[in-house]
Amino acid sequence: MNVDDTSVLLIYTGGTIGMIENAETGALENFNLEQLQKYIPELQNFGFRIDTYQFDPPMDSSDMDPDAWQKLVRIISDHYEAYSGFVILHGTDTMSYTASALSFMLENLGKPVILTGSQLPIGVLRTDGKENLLTSIEIATARHLSGRPMVPEVCIFFENHLMRGNRTTKMNAENFNAFRSFNYPVLASAGIHIKYNNGQIHAYQGKSKLKPHYLLDTHIAILKLFPGIQEEVVASVLATEGLKAVVLETYGSGNAPRKEWFLRRLKEACDKGIVIVNVTQCRAGMVEMSRYETGYRLMKVGVVSGYDSTTESAVTKLMFLLGHNYSPDEVRQWMTQPLAGEITV
Ligand code: ASP
């Protein structure tokens, strides 16, 4: 592929980046992609083709769901050969979930898929959206001298940092620096130059064909522990009709109460075939269930380690694996192996 072939598909799903203030109510409302281009005339200066695809109507990312992820996978897969890279404009609230889901659903990805958004709408003078969008487009088209794409994976670019999507968490509802990747180094930093951390970026899978996946199973719950959690609460989550998996948010390096009822409830659920994955409530660091007795007991009743997974990644990976109809033991097995660089084992 030579430079003349460069092209980007800009997919606008919604979010603050594409909002303007309603003059009467002061509330933020969506506007369309054409208006977005009006606010960023620099888009025309790239000198290569930027085509656009708009979700109609645009979605606040609080409304994102597997249907929307399937739609994104379909758009990327249908247009895969026609573009050098893809930029997805997305609300920040659930961007880490979408990035994680796409990282599993786009198997053998050999091109950049960069999600970005903003904390301030594009029409606001101090907006961070312009910078985020323009740099994302640059990254989505960046190549090595050999022509290989620089970042053939699903990423989030936000406030000067390019991060592996399935390692991110939204951390801040106020600052421009809204996302962090605590357990994996940033893939690139944008200053005067964009400096790529090549050793941390996925190896190029150019020869393998993109394999899009569409089936997700959402029979999942997140159970966050807190001191004083009641047996009825744990019991009612685990008794949810059709439940297939639970992301258990534990303390520290994967610790939980040693109370008899708690371990018994978890064991009964595991024995019934519910997959329980242990993810820490800490932002950084990993689950090590053999480190303390409190974690070791969880392992003994059948809970599997989520290692250094984010909750966002564990939830979407479970949806992806359950969508394949794997047996509980197969799902447990896959949860302990990285599929898209989402955990360090
Ligand atoms: N509520 C918005 C959304 O996630 C916030 C944002 O875009 O930052 O869609």
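For the structure, see preceding data.
These numbers were taken from a predicted model, which means no experiment stands behind them.

### Some words on the pattern of salt bridges
- For the structure on display, the rule yields 15 salt bridges.
- Between Glu231 and Arg264 there is a salt bridge whose closest N-O contact spans 3.8 Å. You can see Glu231 sitting in helix α5 (residues 231-238) and its partner Arg264 sitting in helix α6 (residues 260-271), a full 33 residues away along the chain.
- Here Lys267 makes a salt bridge to Asp271, at a shortest N to O gap of 2.8 Å. Of the two residues, Lys267 and Asp271 both sit in helix α6, four residues apart, roughly one turn of that helix.
- Residue class for Lys267 comes out partly exposed when judged on its relative accessible area of 38%.

### Description of the packing of aromatic side chains
- Per the counting criterion, the structure on display carries seven aromatic pairs.
- Measuring from centroid to centroid gives 5.2 Å for Phe46 and Phe48, while their planes differ by 35 degrees, and the two rings are tilted.
- Accessibility expressed as a relative area gives 22% for Phe46, which makes it partly exposed.
- An angle of 65 degrees between the planes, with centres 5.1 Å apart, marks the rings of Phe158 and Phe179 as edge-to-face. Of this pair, Phe158 sits in strand β8 (residues 154-158) while Phe179 is found in strand β11 (residues 179-180), placing the two residues 21 residues apart along the sequence.
- Here a set of aromatic residues connected by ring pairs shows up, and it is made of Tyr80, Tyr83 and Phe86.
- Directly above the aromatic system of Phe55 lies the positively charged group of Lys71, at a separation of 4.1 Å from the ring centroid.
- In this structure, Arg74 is placed above the aromatic ring of Tyr214, and the distance from its NZ or CZ to the ring centre is 4.2 Å.

### With respect to the sheet that holds strand β13 (residues 194-196)
- Pairing within the open sheet is mixed, and its eight strands lie in the order β4-β1-β5-β7-β8-β9-β12-β13. Edge positions in the sheet fall to β4 (49-54) and β13, since each has one partner strand and no second. Taking the axes of each pair of neighbouring strands and ignoring which way they run, one obtains an average angle of 20 degrees across the sheet.
- Taken strand by strand, helix α3 (residues 95-105) contacts β5 (85-89), β7 (113-116) and β8, and its axis lies near 155 degrees from that of β8.

### Focus on the pairing of strand β16 (residues 245-250)
- Among the six residues that make up β16, six are buried, leaving the element largely enclosed by the rest of the structure.
- Alternating positions in β16 separate into two faces, Ala245, Val247 and Glu249 on one and Val246, Leu248 and Thr250 on the other, with burial throughout.
- As paired elements, strand β15 (residues 220-224) and β16 share five bridges and run parallel to each other. Following the sheet pairing, Leu223 is matched in β16 by Leu248.
- Regarding topology, α5 serves as the crossover connection from β15 to the parallel β16, and that connection is right-handed.

### Overview of empty space enclosed by the protein
- Applying the stated criterion across every chain, the model contains one cavity of 30 Å³ or more.
- The volume enclosed by the largest cavity comes to roughly 30 Å³.
- Along the walls of the largest cavity sit Gly306, Ser309, Lys317, Met335, Glu342 and Ile343, which together make up its complete lining.
- Looking at side-chain class alone, the lining of the largest cavity contains two nonpolar, two polar and two charged residues.

### Details of the packing of helix α8 (residues 311-323) against helix α9 (residues 328-335)
- Across the interface, α8 lies against α9 with an axial gap of 10 Å and an inter-helix angle of 140 degrees. One element, α8, and the other, α9, form an angle in the oblique class. For the pair α8 and α9, the sense of crossing is right-handed. Only Val331, Trp334 and Met335 of α9 make contact with α8, whose side of the interface consists of Ala314, Lys317, Leu318, Leu321 and Leu322.
- Of the residues belonging to the contact of α8 with α9, the class tally is seven nonpolar, no polar and one charged.

### Brief notes about the nonpolar core
- Judged by nonpolar contacts, the single largest core of 50 residues is most densely connected at Leu106 and Leu318.
- It is α8 that provides the largest number of residues to this core, a total of seven residues.
- Not counting the four nearest positions on each side in its chain, Leu318 is found in contact with Ile220, Ala245, Val247, Val275, Val277, Val331 and Met335.
- Ranked by size, the runner-up nonpolar core spans 30 residues in total, among them Ile122, Ile139, Val151 and Leu187.

### Focus on the layout of surface pockets
- As a volume, the largest pocket reaches approximately 490 Å³.
- Considering the residues around the largest pocket, the lining is formed by 22 residues, among which Ser103, Glu107, Asn108, Leu339 and Ala340 are closest to the centre.
- Of all the secondary structure elements, the ones that give two or more residues to the lining of the largest pocket are α3, β6 (106-107) and α8.
- Taken together, the residues of the lining of the largest pocket sort by class into 12 nonpolar, seven polar and three charged.
- There is about 350 Å³ of room inside the second largest pocket.
- The set of elements that each furnish at least two residues to the lining of the second largest pocket consists of β10 (169-170), β17 (275-280) and α8.
- Residues of the lining of the second largest pocket, tallied by class, amount to four nonpolar, eight polar and eight charged.

Reading guide: rules and limits
Residues numbered from 1 in each chain as written. Predicted model: local features only at pLDDT ≥ 70, side-chain atom pairs only at ≥ 80, totals over all residues. Heavy atoms only, no water. Salt bridge = Lys/Arg side-chain N within 4 Å of Asp/Glu carboxyl O. Helix = DSSP H or I, 4+ residues; strand = E, 2+ residues; numbered from the N terminus. Buried < 20%, exposed > 50% of the residue type's maximum accessible area, 1.4 Å probe, protein only. Phe/Tyr/Trp six-rings, centres within 6.5 Å; stacked < 30°, edge-to-face > 60°. Lys NZ or Arg CZ within 6 Å of the ring centre and 35° of its normal. Pairing = 2+ DSSP bridges. Axes fitted to C-alpha atoms, helices over the stretch in contact; angles between N-to-C directions. Contact = heavy atoms within 4.5 Å. Right-handed = clockwise from strand over helix to strand, strands pointing away. 1 Å grid on protein atoms, 1.4 Å probe; cavity = no way out; pocket = protein on both sides within 12 Å on 5 of 7 lines; lining within 4 Å. Points joined across faces, edges and corners; volume = space filled by probe spheres on them. Nonpolar A, V, L, I, M, F, W, Y, C, P; charged D, E, K, R; others polar. Parallel < 35°, antiparallel > 145°, perpendicular 65-115°, else oblique. Left-handed = near helix turned anticlockwise from the far one by under 90°. Core = buried A, V, L, I, M, F, W, Y, C linked by side-chain atoms within 4.5 Å.

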